[in-house]
Amino acid sequence: MKKGSTEVVEARVRVIDLETGGNGPNDVCEIGWQDVVIDHAGKWQVTDERGTLFVNPGRPISPDTMAIHHILDAHVADAPFWKEIASTVLRPPGRIDALAAHRAAFEQRYCTPRFTGGTPWVCTWKCALRVWPELPRFSNQMLRYQRMPTGLVHEIGLPAHRAMPDAYVTAHHLRDMLNQTSLVDCLAWSSEPGLLPRVPAGPDRGKPWDRISLETLNAFIADRDVDVRFSAQIELARRNEDKPSQDAEPAQGTLGFE
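Quick look at the structure, then. (Residues numbered from 1 in each chain as written. Predicted model: local features only at pLDDT ≥ 70, side-chain atom pairs only at ≥ 80, totals over all residues. Heavy atoms only, no water.)

1. Things to note about helix H6 (residues 124-131)
For an α-helix the count is 3.6 residues per turn, leaving residues at separations of three or four pointing the same way.
Working step 1: With seven of its eight residues buried, H6 lies for the most part within the structure.
Working step 2: Taken together, the buried residues of H6 touch strand E4 (98-101), strand E5 (121-123), helix H7 (140-147), helix H8 (163-178), helix H9 (183-190) and helix H11 (226-242). (Buried < 20%, exposed > 50% of the residue type's maximum accessible area, 1.4 Å probe, protein only. Helix = DSSP H or I, 4+ residues; strand = E, 2+ residues; numbered from the N terminus. Contact = heavy atoms within 4.5 Å.)

Here it is, written out as structure tokens:
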């Protein structure tokens, strides 16, 4: 679908990326977007509908964040404020089935239901853990170079840590996920903590969860990190399901005579 087209689509997900000037609720200094839709053949595709807008955070951008995205106060001085621009991007004309972002919890801090209208979110980081658990790392840029998604134009995805290029890269991951699984699955996974495929820290770092001891697993269940706790709980539930039931029939019945 070309930018500005009125063509009816069967489904559309808008990928969002934000750059911020600090940690306040209105500190957005740039928003970028990239749409992913289902084509006439039933395949998800990255479209030409993408863009970026500067946003005035209402106060000076911190040096820490400038060092990441290189957006200066002068760039945003004449830009609209977040409350003035957010809904125009997050609730565009036409159908929007979901919003998406890599580690979407960050974007959701700023893209609240006030601006989204309650549109559900896909977290491509959480979905990548499920769809490609064999990969060693799951950051947006590492997925880009580990996977080398088909059709990703290298130059459009640069510079990294700017809103539109990052949304463009994320959209290619999302497209491939949705062509391997369903939007329903992605939304369900995104509503839960991240299911880590391997132990993230400690002496067992890098091991699959099924290779660690029960004692270690129980220790992880008490971890402060919600993703670690969730992953350990899922493994413990799997082990409990695999235990033979005490009421189960013996594998071989008792021999006897009629």
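That covers the picture; the talk isn't over yet.
2. Structural notes on the packing of H6 against H9
Working step 1: Interhelical geometry of H6 versus H9 gives an angle of 110° and a closest axis separation of 9 Å. For the element pair H6 / H9, the angle class is roughly perpendicular. Where H6 crosses over H9, the handedness of that crossing is right-handed. Residues Lys 126, Cys 127, Arg 130 and Val 131 of H6 touch H9, and the partners they reach there are Cys 186, Trp 189 and Ser 190. (Axes fitted to C-alpha atoms, helices over the stretch in contact; angles between N-to-C directions. Parallel < 35°, antiparallel > 145°, perpendicular 65-115°, else oblique. Left-handed = near helix turned anticlockwise from the far one by under 90°.)

3. Observations concerning the nonpolar core
Working step 1: In this structure, Ile 16, Trp 82, Leu 90 and Trp 209 are the most contacted members of the largest nonpolar core, which totals 54 residues.
Working step 2: Each of domain 1 (12-191) and domain 2 (198-242) gives at least three residues to this core.
Working step 3: Apart from the residues within four sequence positions on either side, Ile 16 is in contact with Ile 31, Gly 32, Trp 33, Val 89, Leu 90, Leu 99, Ala 100, Ala 101, Glu 107, Cys 111, Trp 121 and Ala 167. (Core = buried A, V, L, I, M, F, W, Y, C linked by side-chain atoms within 4.5 Å. Domains from an automatic or database assignment.)

4. So, the side chain of Thr 20
Working step 1: Within the fold, Thr 20 resides in strand E1 (residues 12-20).
Working step 2: Among the polar contacts made by the side chain of Thr 20, one reaches the main-chain carbonyl oxygen of Gly 22 at a distance of 3.4 Å.
Working step 3: If near-sequence neighbours (up to four positions away) are discounted, Thr 20 is found in contact with Asp 27, Val 28, Cys 29, Thr 65, His 69, Phe 106 and Tyr 110. (Polar contact = N/O pair within 3.5 Å; in protein donor to acceptor, adjacent residues only side chain to side chain.)

5. A closer look at the environment of Val 169
Working step 1: Tracing the backbone shows Val 169 in helix H8.
Working step 2: The sequence separation of Val 169 and Ile 156 amounts to 13 residues, and the corresponding C-alpha distance is 8.6 Å.
Working step 3: Look past the residues within four positions of Val 169 in its chain and what remains in contact with it is Asn 140, Gln 141, Arg 144, Leu 152 and Gly 157.

6. Comments concerning the environment of Gln 141
Working step 1: Checked against the element boundaries, Gln 141 lands in helix H7.
Working step 2: With a relative accessible area of 18%, Gln 141 lands in the buried category.
Working step 3: In this structure the C-alpha to C-alpha distance between Gln 141 and Gln 34, which are 107 residues apart in sequence, comes to 16 Å.
Working step 4: Other than its neighbours up to four places away in sequence, Gln 141 contacts Ala 160, Asp 166 and Val 169.

7. Regarding the packing of aromatic side chains
Working step 1: In total, this model carries three aromatic pairs according to the counting rule given.
Working step 2: Between Trp 82 and Phe 115, the aromatic rings sit 5.9 Å apart at their centres with planes inclined by 70°, giving edge-to-face as the arrangement. A residue pair is termed long-range when its members are at least 10 positions apart, and Trp 82 in helix H3 (residues 82-90) and Phe 115 in helix H5 (residues 113-116) qualify at 33 residues.
Working step 3: Its end group placed over the ring of Trp 132, Arg 147 keeps NZ or CZ at 3.9 Å from the ring centre. (Phe/Tyr/Trp six-rings, centres within 6.5 Å; stacked < 30°, edge-to-face > 60°. Lys NZ or Arg CZ within 6 Å of the ring centre and 35° of its normal.)

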